[in-house]
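The lines below spell out each chain.
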Amino acid sequence: MNPLLSEVLFDASILFLVTGAFIALLYGLGLLFAPNATLEFNDKINRRVSLRKQTKAIETSIKTEPYFYRHARLAGSILVAGAVFVLYSLNNFNNAALIPYLPRSLSPAIWGWLLQSLTLFFYISFAFILVFGIVVLIRPSALKNFEQRANHWISTRQHFAKMSTEINVTDDLLKSYPRAFGAIIVIFSLMVLFLLLPGI
């Protein structure tokens, strides 16, 4: 890494830690000398955001199958034409011509291997799309069983429901012993500031 960039990142990290320790010191002093006002302020900024509510829109299933089957010939023609065009382009494309223009962080041999692997991946993918398009064009009803298996809906909201469960153990302890927490926060923030400030 560039020495100048390393120095800038190091200074930014120190400044970030010092700023955080200073804010923690103010918060700790607030808990020590004005616990009620500090806890009220803490309740105002401690706003809960529900992931389940925020992700509800993306969990709504959008069904495109009726439109797809209604225009099966058009969809199949587009898939076949697109796949043929890409496969033809890949067949006539010279990977080696790209290597001189790629970053020199990797050797030409590695770039050649990566390009060949990518080309093989595109060949396989668009060959599958070509076959899929032909089936859609000729006999779209043959895809219904495959479609029903592939359209298995997995709800992320159900799997991540536990992440939306509130855990208030720390907040309850803080409200019960605000001055004790304030003293601990003040001590640790002063230690951090004592260690970091001489280096600035």
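Keep in mind it's a predicted model, so treat the numbers as computed, not measured. (Residues numbered from 1 in each chain as written. Predicted model: local features only at pLDDT ≥ 70, side-chain atom pairs only at ≥ 80, totals over all residues. Heavy atoms only, no water.)

Q: Looking at this model, I keep getting lost on the packing of helix α5 (residues 72-91) against helix α6 (residues 108-138). Mind explaining?
A: Close contact between α5 and α6 brings their axes to 8 Å; oriented N to C, the two are set at 155°. By the angle class used here, α5 and α6 are roughly antiparallel. Of the two elements, α5 crosses α6, and the hand of that crossing is left-handed. Of the residues that constitute the contact of α5 with α6, the class distribution is 19 nonpolar, five polar and one charged. (Axes fitted to C-alpha atoms, helices over the stretch in contact; angles between N-to-C directions. Helix = DSSP H or I, 4+ residues; strand = E, 2+ residues; numbered from the N terminus. Parallel < 35°, antiparallel > 145°, perpendicular 65-115°, else oblique. Left-handed = near helix turned anticlockwise from the far one by under 90°. Nonpolar A, V, L, I, M, F, W, Y, C, P; charged D, E, K, R; others polar.)

Q: How should I be thinking about the nonpolar core in this particular structure?
A: When a protein is soluble and globular, its nonpolar side chains tend to lie buried together. Residues Ile14, Val18, Ala21, Leu25, Val186, Leu193 and Leu196 constitute the largest nonpolar core, which totals seven residues. Those elements that provide at least two residues to this core are α1 (3-33) and α10 (178-196). The element best represented in this core is α1, accounting for four residues. Dropping the residues within four chain positions of it, Val186 is found in contact with Leu25, Gly28, Leu29 and Leu32. (Core = buried A, V, L, I, M, F, W, Y, C linked by side-chain atoms within 4.5 Å. Buried < 20%, exposed > 50% of the residue type's maximum accessible area, 1.4 Å probe, protein only. Contact = heavy atoms within 4.5 Å.)

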